[in-house]
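So you can see what is in the structure, the chains are spelled out below.
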Amino acid sequence: MSAPPRSSSDGSRASRSVQQTDRPPLSERERRILQLVVQHFIDTAGPVGSRSLARQFDIGLSPASIRNTMADLEDMGYLDHPYTSAGRMPTQMGYRTFVDELMQAPKLSDAERQVLKMQLAQLVSDTDEMLRESTKLLSKLSNLLGMALSPSLSTGVLERLDIVPLTGPRLLFVLNVSGGLVRTIVLDFEADVDRADLDRIVSMLNERLAGLTLAEIRDTHEERVRDLDDSTGIIDLMRQESTPLFSEPQQGRLQLGGARNLLNQPEFQETDDVRHFFELLEDEALIINVLENLGTITPDAAGDTYVRIGSDDEDDEMASYSIVVSPYRMGSTVGALGLMGPTRMDYPRAVALVQTMANVLNHASEDEAAS
């Protein structure tokens, strides 16, 4: 896993797999050449030669001087020399340095920002649909895989608990959480309950539990409801089933959008590469773990952006991919939006898209709370 994040001048953050102090220092010429090589490789997906840099960019250096500088960067581990090609390509450390220190401040056009806002404006009241639409938009505008992790319910504040009798010996518990989130779970319950008794129990439970996070309720519900008068058995049922009732759902938090758009990238032209990628997407727990551990998923981190580039572990299933992710707020809860693709990614644009989309969701959540 990558090291703690670094704040950059544009407000984004990049989690680092190689500490800056471990990187050989670069001269201004080396920094400029590395920046151009990375950007050119991102644009072309082909090894970069000294002559092409000299022709395309007015940097005041001869091809021979550029070639010597590129050789030095290769010796230091920033560039690689693939096969018998005369050109170079960035290493993981080269990309890392580009993202942390060299890339231009990410920015979207006014038109693109307006499109994002307009597309999501009608979806504020439907959290799931808003996240699905966000992943599709992110993918469409980047040709990468859009990702959305719904907020962790454990940190959400309970606004209201409802209990609905179902046909057969079952009760439906409905937990309305701040930010428009809803948690439902069906529990077996043999006894018949009078409507008036049910309403009384629900009212008492809300008086004791509303305003607490689900994690607080899970940890302290015993003492909070111990003295309540309950002849129905519902409170006893809640005590017995507190773990599934107030814990995080194991599945369904991750939404992915636009996987087909990613196949436009040259890294996915081979059948084996495509198969491996889609097999990886089936491991929801792995991807959730990466997203949650990539950055600090807290309300204070909303608006920051984190970047994971490959992995130092060759056995890591995600070693060939990069992820850009930004936390967003929904009420008191926090989720994450992101993009995933090959390490040869347009990082400035990916950061701009993810950061802007997260800010749109943050503002939508604030507007909803104020209304």
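Given the structure is predicted, the values throughout are model-derived calculations rather than measurements.

Draft legend 1. Broad picture of helix H13 (residues 284-294). Among all positions of H13, only Ile287, Ile288, Val290, Leu291 and Leu294 are buried. Along the long axis of H13, the arc covered by the buried residues comes to 160°, so they all point the same way.

Draft legend 2. Molecular detail of the packing of aromatic side chains. Applying the stated rule across the entire model yields 5 aromatic pairs. Taken together, a centroid distance of 6.3 Å and an interplanar angle of 10° make the contact between Phe268 and Tyr321 stacked. Note that Phe268 is positioned in the loop between helix H11 (259-262) and helix H12 (271-281) and Tyr321 in strand S11 (residues 321-330), a separation of 53 residues in sequence. The exposure classification of Phe268 matches that of Tyr321, with both residues buried. Both rings, one in Phe277 and one in Phe278, keep their centres 5.6 Å apart while their planes meet at 80°; by these two values the pair is edge-to-face. Counting every residue linked through ring pairs, the aromatic cluster contains Phe268, Phe277, Phe278 and Tyr321.

Draft legend 3. Representation of the packing of helix H1 (residues 28-44) against helix H3 (residues 63-76). Close contact between H1 and H3 brings their axes to 10 Å; oriented N to C, the two are set at 90°. Between H1 and H3, the angle is such that the two are roughly perpendicular. Here H1 contributes Arg29, Glu30, Ile33, Leu34 and Val37 to the contact with H3, which in turn contributes Ser65, Ile66, Thr69, Met70, Asp72, Leu73 and Met76. Its residues placed into classes, the contact of H1 with H3 shows 7 nonpolar, 2 polar and 3 charged.

Draft legend 4. Local environment of the sheet that holds strand S8 (residues 181-188). Within the open sheet, the 3 strands sit side by side as S6-S7-S8. Their pairing is antiparallel. Two strands in the sheet have a free side with no partner beyond their single neighbour: strand S6 (158-166) and S8. Strand-to-strand twist in this sheet, taken as the mean axis angle between neighbours without regard to direction, amounts to 20°. Here 8 bridges tie S6 to strand S7 (residues 170-177), and the two strands are oriented antiparallel to one another.

Draft legend 5. Fine view of the sheet that holds strand S9 (residues 254-257). One open sheet holds the 5 strands; their spatial order is S9-S5-S12-S11-S10, and the pairing between them is antiparallel. Two strands lie at the open edges of the sheet, namely S9 and strand S10 (306-309), each paired on one side alone. Across the sheet, the mean angle from the axis of one strand to that of its neighbour is 20°, orientation sign disregarded. Bridge count for strand S5 (residues 145-149) against strand S12 (residues 333-342) is 5 bridges, and the pairing is antiparallel. Paired with Ala148 across the strands is Leu337, a residue of S12.

Draft legend 6. A look at the side chain of Asp230. Inspection of the secondary structure assignment puts Asp230 in the loop between helix H8 (214-225) and helix H9 (234-240). Buried and unpaired, Asp230 has Arg200 as its nearest opposite-charge partner, separated by 5.2 Å.

Draft legend 7. Structural detail: the pattern of salt bridges. All chains considered together, the criterion is met by 18 salt bridges. Residue Arg239 is joined to Glu222 by a salt bridge in which the shortest nitrogen-to-oxygen separation is 3.5 Å. Of this pair, Arg239 sits in helix H9 while Glu222 sits in helix H8, and the two are 17 residues apart along the sequence. Residue class for Arg239 comes out partly exposed when judged on its relative accessible area of 21%. A relative accessible area of 35% places Glu222 in the partly exposed class. Several salt bridges share partner residues, and in doing so they unite Arg23, Glu28, Arg31, Arg96, Asp100 and Glu101 into one network.

Quick notes on the rules
- Residues numbered from 1 in each chain as written.
- Predicted model: local features only at pLDDT ≥ 70, side-chain atom pairs only at ≥ 80, totals over all residues.
- Heavy atoms only, no water.
- Buried < 20%, exposed > 50% of the residue type's maximum accessible area, 1.4 Å probe, protein only.
- Helix = DSSP H or I, 4+ residues; strand = E, 2+ residues; numbered from the N terminus.
- Arc of directions from axis to C-beta.
- Phe/Tyr/Trp six-rings, centres within 6.5 Å; stacked < 30°, edge-to-face > 60°.
- Axes fitted to C-alpha atoms, helices over the stretch in contact; angles between N-to-C directions.
- Parallel < 35°, antiparallel > 145°, perpendicular 65-115°, else oblique.
- Contact = heavy atoms within 4.5 Å.
- Nonpolar A, V, L, I, M, F, W, Y, C, P; charged D, E, K, R; others polar.
- Pairing = 2+ DSSP bridges.
- Lys, Arg positive; Asp, Glu negative; His and termini not counted.
- Salt bridge = Lys/Arg side-chain N within 4 Å of Asp/Glu carboxyl O.

Note that every value here comes from positions in space, so none of it alone points to a role or purpose.
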